[in-house]
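Summary of structural features
These are the residues of each chain, in order.
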Amino acid sequence: MRVRLSTVLLPALLLLTGCAGAASSAPAAGSGAVARVVSDAGASGAYEATIRRSGYGVAHIEAADAGSLAFGEGYAQAEDHLCTIADQVVRARGERAKYFGRGDADRHLVSDLAMRALRVPDKAALMLETQPEEVRLWLEGFVAGYNQFLRQTGRDGVPGWCRGQDWVVPITARDLAAYHRLIALAISNFAGAIVTAQPPAPAVAAVGGAADRDNVGAGHGAERSVSFPGPRMTASNAWALGRDLTESGRGMLLANPHYPWVGSNRFWEKQLRIPGDLEVYGANLIGVPGVLIGFTEGVAWTHTVSAGTRYTLYAVDLVPGDPTRYRFGDEERAMTALEVTVQVRGEAEPVRRTLWSTHHGPVMSTANLPWTEDRAFALRDANEDNNALAAHVLAVNRATSLADLRRAHARYQGLPFVNTIAVSPDGIAWYIDAAATPNLSAEAQAEWLRRRRAEPMTRQLWQSGIVLLHGSDPLFEWVVDPEAAHPGIVPYRDLPQLERRDYVFNANDSYWLSHGDTLLEGAYSPLHGEQRVPVSLRTRSNVLHLTNRTPDRVAGEDGRFSLRELTAAILANRSLTADLVASELVERCTATPRVEVDGQMVDLTEGCAVLAAWDHRFDLDSRGAVLFREWVSRYSPASLRRSGDLFAVGFDPSDPVHTPRGLAPGEQALEHLAGAAALLQSQGIPLDVPLGELQYAPSKLPQRIPMHGGNGGYEGLLNLMQASSGSNTLEPVKLAPGVPGSRFMTEAGYPVLHGASYLLAVEFQAGGPRAMALLTYGQSGDPASEHFTDQAWLFSRKEWRPVLFREDDIAAGTRRQYTVRGSR
């Protein structure tokens, strides 16, 4: 008879009794010995996993079942990133204010209230109950492995920035599921707007607490707390090369997600193996078991964040005289009131607050979209009922063919917000916008498009990527299709897909341009993204690289990629923006070397010479890249996709890769060049300063590691490097003050906190997959670890490392091997 301890009690029992066992040492580095499982680690026995660490700290984990495999992964991840996981668990539990106080602008309190408004921990518990048994055991195993490491080290011995902190405690499977739920929910970004939403006067009083308890955010930077978020900041490149575009005539894949370099949205690299059942290599976000981006013997895949919509915003008409009742069709409905309580460090009384929701979802309010006597706004998230992410990942990790991977997508639809780009060994490339997308009827889509043209508010919100619907009209209810994996989302059969033998790609623009010549046009929901609209410079550059139409012909004379050419192409650092306008700018400043700015004549001779000598690259030694960055970033973001003050030729939907182009006429280009040169001179920076002297990774200080690459939006580079982190972390990173007049420069240079993160290039050969990789910021989050900066230096030098996938290679490359065991 099998007895399974409660997932809530198990971690605490392990800490109290010490029954989880210990990690046993293994042969020394380079011994080539293979650890063997010494007892049955089946569902009714103990956890047992063998971990081999190869160069750069990559973990190769083997176990007899999914629970033990996850146990090994949880243990190994905790060795490298326990602080990051613990930090995100505190956030998902809604306990940041409990440990850190209200925070600046009440940010911790707002976060905790939002976790309760979205019922993140409660929904996580329900999610666990719906999981297949193996998936549940998988999640429980990861938690047990994490707790095993914490028990052995104690909070005073954990590596990293959280050592000794009172919030470093054992976690539960519910905690882990809550964190995964938080990753999926787009509307968690509206935390401030949700928790400050209260009925208009006469106000409904909150329950209990001190005098200012109802003023969450008020007097503490309230406008910052309730700011209305725009589209998710995203950038990634993904290529699947089919048989017609590779030297070998077989499939190849390039994964290049652009994600933060600090916090929870970093990747962790791994190989996972259950003999005879599962063998997969790749990476996933810290705190998430399994491989999200990677390959098996029979398929390779990667993801980019979809340009589609993950949620809808509803405007509901309120019943006169009662702002907590609203109309829906011919009936009236009462809003649901949820009383929540948050403990705040250093305060005697808890904060109690009433939060509100409609049947669509939580009510929100901002200065621009206020809750009035007549109208309120509510949010609905397409991933509210998505409980299939873990099952989806596990099924993909078992895929032995492209057909298996496609079946996993069709069955689970568990990916919250990404496209999938995949390839088979025989060179079939496949693209799908796999993200959970609200399913509106054709009539509702048509009416929303009409309102978008006719109504200023609907049009303005869409410019920020937000779909506004009339929440009192049943027409705009999401359609429940019996073939969809979750209620209210677009079913698999209706998702945009493309299969090719040359290539498919995505760089965060819509499905429309997944191939340079074959455009996906037709009756797709507009909530998947736009057709026949301008795309980013980075998307255009992707097509030019793939089709070998860059000046340096990255695929060689034959136009077919080798693995070496593939790895070089993604880090070529060539600026499409410069290719489009820099030569004309040089011609213009050569012809007119002096320009009047603010009543003063400015000499452009030096700056003009610097740009004339520049090769349009953003490498470490590139002289002219900094001056061009300061010049082009003086234009507005809107200028990058249309004719006007930057480009002379406007966008042509029949030629999206080559338009807009050409430098716009007028004096503005020369005036901007004068301003860029003056800014650099005011900072004592030579106009021909090499990029590597200014661009660096602040998270790796005190080592100042120079970084190549640039801004994909402004500079049109594939290799994105920028300062915004976009990460909800408490991990400390200090940035210098910004330089007035510059969009990107700080007093310390150009910091890199977001960009190329996990680079993976896979080539299927006759004998199986061969791969190269780089985890740009390193495998460990502990500054004391050698693996904190080792790969950052590799990336700085553009040195890819070979992936160890075959047993002989792993055995020869093993530097540390150990077995971890624990009770279930």
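That block above? That's the structure.
We now turn to the structure provided with this report. As a convention, each chain's residues are numbered from 1 in the sequence order in which they are written. Only residues with pLDDT of at least 70 are given local features in this predicted model, and only at 80 or more are side-chain atom pairs given and counted; all residues enter the totals for whole chains, interfaces and linings. Excluded from the side-chain calculations are hydrogens and water; all other atoms, namely the structure's heavy atoms, are used.

**Regarding the overall build of the protein**
Strands are runs of DSSP state E lasting at least two residues, helices are runs of H or I lasting at least four, and both sets are numbered from the N terminus onward. Along the protein, the regular secondary structure elements total 22 helices and 33 strands. Our radius of gyration looks at C-alpha atoms and nothing else; its globule reference is 2.2 Å times the residue count to the power 0.38. For the protein, whose C-alpha radius of gyration is 27 Å, the value lies close to the compact-globule estimate of 28 Å for 824 residues. Based on the C-alpha atoms only, the size of the protein along its principal axes is roughly 85 × 75 × 50 Å. Relative accessible area decides the class of each residue, using a 1.4 Å probe on protein chains only: under 20% of the type maximum gives buried, over 50% gives exposed, and in between gives partly exposed. Per-residue burial for the protein yields a buried fraction of 62% across its 824 residues. Contacts are residue-level and defined by heavy atoms, with any inter-residue pair within 4.5 Å sufficient. Restricting to contacts in the protein with at least 6 residues of sequence separation, those with at least 24 account for 71%. Working definition of accessibility: Shrake-Rupley area with a 1.4 Å probe, residue cover restricted to the visible protein chains. Per element, the accessible surface of the protein, about 29300 Å² overall, is 50% carbon and sulfur. Charged side chains of the protein number 79 positive and 92 negative; the gap between the two group centres comes to 3 Å. When charges are counted, Lys and Arg are positive and Asp and Glu negative, with His and the chain ends excluded. Each charge is placed at NZ for Lys, CZ for Arg, CG for Asp and CD for Glu.

**Some points on the nonpolar core**
Looking at soluble globular proteins, one finds that nonpolar side chains tend to be buried together. Put simply, a nonpolar core is a bunch of buried Ala, Val, Leu, Ile, Met, Phe, Trp, Tyr and Cys residues held in one set by side-chain atoms that sit within 4.5 Å of each other. In this structure, Leu82, Trp239, Phe628 and Trp631 are the most contacted members of the largest nonpolar core, which totals 230 residues. Counting residues per element, this core draws most heavily on helix α2 (residues 66-93), at 14 residues. Once you skip the residues sitting within four places of it in the chain, Trp631 turns out to touch Val581, Leu585, Leu646, Leu663, Ala669, His672, Leu673 and Ala676. Core analysis: the next-biggest nonpolar cluster, separate from the first, contains 14 residues, Val467, Phe476, Trp478 and Ala484 among them.

**With respect to the layout of surface pockets**
Considering only enclosed or pocket space, the second largest pocket measures out at about 420 Å³ in volume. Looking at the second largest pocket, it is lined by 23 residues, and the ones nearest its centre are Lys123, Ser357, Gly361, Pro362 and Glu384. Breaking the lining of the second largest pocket down by element, the ones donating at least two residues are β13 (336-342), β14 (351-357) and β16 (375-381). Looking at the lining of the second largest pocket residue by residue, the class counts come to 11 nonpolar, 6 polar and 6 charged. Cavity and pocket criteria rest on a 1 Å grid covering protein atoms alone: a 1.4 Å probe that fits but cannot get out defines a cavity, protein on both sides within 12 Å along at least 5 of 7 lines defines an open pocket, and an atom within 4 Å of a point defines a lining residue. Grid points are joined across faces, edges and corners, and a volume is the space filled by probe spheres set on the points. Under the scheme applied, nonpolar residues are Ala, Val, Leu, Ile, Met, Phe, Trp, Tyr, Cys and Pro; charged residues are Asp, Glu, Lys and Arg; polar residues are all the others, including Gly.

**A look at the pairing of strand β9 (residues 300-305)**
Here β9 lies mainly inside the structure; 6 of its 6 residues are buried. Going residue by residue along β9, you find Ala300, Thr302 and Thr304 tucked away on one face and Trp301, His303 and Val305 tucked away on the opposite face as well. With 2 bridges joining them, strand β8 (residues 293-295) and β9 adopt antiparallel strand pairing. Each residue of the ladder has a partner; that of Gly294, found in β9, is Trp301. As paired strands, β9 and strand β17 (residues 418-423) are joined by 6 bridges and run antiparallel to one another. Within β17, the residue paired with Thr304 across the bridge is Asn419. The rule for pairing is simple: two strands pair if DSSP sees at least two bridges between them.

**A look at the packing of aromatic side chains**
Only the six-membered ring of Trp is used, alongside the rings of Phe and Tyr, when aromatic pairs are assigned; centres must lie within 6.5 Å, and planes under 30 degrees apart are stacked while those over 60 apart are edge-to-face, with the rest tilted. Taken as a whole and judged by the stated rule, the model has 21 aromatic pairs. Ring plane angle 75 degrees and centroid distance 5.8 Å describe the contact between Trp261 and Tyr777, whose orientation is recorded as edge-to-face. Highlighted residues: Trp261 in the loop between β5 (252-260) and β6 (267-274) and Tyr777 in the loop between β31 (768-775) and α21 (790-796), separated in sequence by 516 residues. Residue class for Trp261 comes out buried when judged on its relative accessible area of 1%. Looking at Tyr777, the relative accessible area reads 2%, which means it is buried.

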